[in-house]
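Now for the letters of each chain:
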Amino acid sequence: MTNPRFEEVRTEAADAITDGELRSVYGGLVHDDGRHEYYFGNDTGDATELRETAAIQLGMLLRVLADRSEDDLEAVAELAVERAEEMQLR
């Protein structure tokens, strides 16, 4: 495993999902064989609240990716848009 902290982060994320009171959850999984799947749920039926919580999650992910990849936020966002357009999600 190239990132020795990966298992620790995975365990922390699983614990955070099962503890506390959440109003929004997103988990995107990328497997070694290239398969990807996602789990997305919000404790709301309101379209505006759904859009806001999803935007918060997307913003957090983009910020972390930009910081860790040493790329700027716009470049990461552009790449994310390209990949999203390519995905055939069920």
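These numbers come from a predicted model, not from an experiment. (Residues numbered from 1 in each chain as written. Predicted model: local features only at pLDDT ≥ 70, side-chain atom pairs only at ≥ 80, totals over all residues. Heavy atoms only, no water.)

Asks: Please set out the overall build of the protein chain residue by residue, giving values where relevant.
Replies: The number of helices and strands found in the protein chain is 3 helices and 2 strands. Overall, the C-alpha framework of the protein chain stretches about 40 × 30 × 25 Å when taken along its three principal axes. The 90 residues of the protein chain split such that 8% are buried. Contacts in the protein chain between residues far apart in sequence, at least 24 positions, make up 20% of those at least 6 positions apart. A total accessible area of about 7,900 Å² is found for the protein chain, and carbon and sulfur atoms account for 55% of it. Distance between charge centres in the protein chain, computed from 9 positive and 22 negative side chains, equals 3 Å. (Helix = DSSP H or I, 4+ residues; strand = E, 2+ residues; numbered from the N terminus. Buried < 20%, exposed > 50% of the residue type's maximum accessible area, 1.4 Å probe, protein only. Contact = heavy atoms within 4.5 Å. Areas by Shrake-Rupley, 256 points an atom, 1.4 Å probe, with all protein chains shown as cover. Lys, Arg positive; Asp, Glu negative; His and termini not counted. Charge placed at Lys NZ, Arg CZ, Asp CG, Glu CD.)

Asks: Can you lay out the side chain of Thr53 for me, pointing to particular residues and giving the numbers?
Replies: As for its position among the elements, Thr53 is in helix α2 (residues 47–69). Among the polar contacts listed, one links the side chain of Thr53 to the backbone oxygen of Leu50, at a separation of 3.1 Å. Once you skip the residues sitting within four places of it in the chain, Thr53 turns out to touch Arg23, Ser24 and Asn42. (Polar contact = N/O pair within 3.5 Å; in protein donor to acceptor, adjacent residues only side chain to side chain.)

Asks: Describe the pattern of salt bridges, with residues and values.
Replies: Per the counting criterion, the structure on display carries 8 salt bridges. Two residues, Glu7 and Arg10, come together in a salt bridge whose shortest N-O distance is 3.0 Å. Of this pair, Glu7 and Arg10 both sit in helix α1 (residues 6–18), separated by 3 residues, roughly a single helical turn. Residue Arg35 is joined to Glu37 by a salt bridge in which the shortest nitrogen-to-oxygen separation is 3.8 Å. (Salt bridge = Lys/Arg side-chain N within 4 Å of Asp/Glu carboxyl O.)

Asks: Break down unusual backbone geometry for me, citing the residues and quoting the values.
Replies: In this structure, Glu70 takes a positive phi of about 60 degrees despite not being glycine. Its location among the elements puts Glu70 in the loop between α2 and α3 (73–86). For Glu70, a relative accessible area of 76% gives the class exposed.

Asks: Give a description of the environment of Ala75 that names residues and reports values.
Replies: The topology assignment puts Ala75 in helix α3. Owing to a relative accessible area of 29%, Ala75 belongs among the partly exposed residues under this scheme. When the C-alpha atoms of Ala75 and Gly34 are compared, they prove to be 23 Å apart, with 41 residues separating the residues in sequence.

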